[in-house]
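As a plain string of letters, each chain reads:
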Amino acid sequence: MSGRLADGAPLKDEAPDDLFYMHHLFRLQGIPPHEVEQWEPGWKRVAYVSIGLQLEEEHRRLSAGIGVI
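Bear in mind the structure is a predicted one, so any value in this text is a computation, not a measurement.

## Some words on the overall build of the protein chain
Each helix and strand in the protein chain was counted, giving 3 helices and 0 strands. Taken from the N to the C terminus, the helices and strands of the protein chain come in the order α-α-α. With 69 residues in all, the protein chain has 22% of them scored as buried. By sequence separation, contacts in the protein chain at least 24 residues apart represent 32% of the contacts at least 6 residues apart. Accessible surface for the protein chain amounts to roughly 5200 Å². Of this, 58% is attributable to carbon and sulfur atoms.

In C-alpha cells form, the structure reads like this:
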C-alpha cells in the first residue's frame, strides 16, 4: 500500500479506493477480501458506505477521547 497512511487511508485529497474499503471490511468485520471481490457492485457499494460510516464514527469517538485507554 505505498502512498498510503498507516491505516490504509489514501494520502490527503485522494479518494479511498476498493483496497482501502476491503482492508477495513476485513479488519472490522473479518470478511476476507477474496469474498468481497465476488460481490455484485451494489452489495460492495452498500458495504463500503457502511464501513465509511463506521470509520467516521470511530474517528469521532476517538477524537472525543471515548474508547481511549
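## Notes on the confidence of the model for the protein chain
For any part of a model where pLDDT is low, the fine detail of the predicted coordinates should not be relied upon. The pLDDT averaged across the protein chain works out to 82; a share of 81% of its residues lies at or above 70. Averaged over each element, pLDDT in the protein chain is lowest for helix H1 (residues 18-29) (88) and highest for helix H3 (residues 41-63) (90).

## Concerning the environment of Arg45
Along the chain, Arg45 falls in helix H3. Along the sequence, Arg45 and Tyr21 sit 24 residues apart, while their C-alpha atoms lie 9.9 Å from each other.

## With respect to H3
A turn of α-helix holds 3.6 residues, and therefore any two residues three or four places apart point the same way. Helix length check: H3 (23 residues) gives 33 Å between terminal C-alpha atoms against 33 Å at 1.5 Å per residue, within 8%. Residues of H3 that are buried: Lys44, Ala47, Tyr48, Ile51, Gly52 and Leu55. For H3, the secondary structure elements touched by its buried residues are H1 and helix H2 (33-37). Phi for Gly65, located one or two positions after H3, is positive at around 85 degrees.

How each quantity is defined
- Residues numbered from 1 in each chain as written.
- Predicted model: local features only at pLDDT ≥ 70, side-chain atom pairs only at ≥ 80, totals over all residues.
- Heavy atoms only, no water.
- Helix = DSSP H or I, 4+ residues; strand = E, 2+ residues; numbered from the N terminus.
- Buried < 20%, exposed > 50% of the residue type's maximum accessible area, 1.4 Å probe, protein only.
- Contact = heavy atoms within 4.5 Å.
- Areas by Shrake-Rupley, 256 points an atom, 1.4 Å probe, with all protein chains shown as cover.
- pLDDT = per-residue confidence, 0-100.
- Expected span 1.5 Å × (residues − 1).

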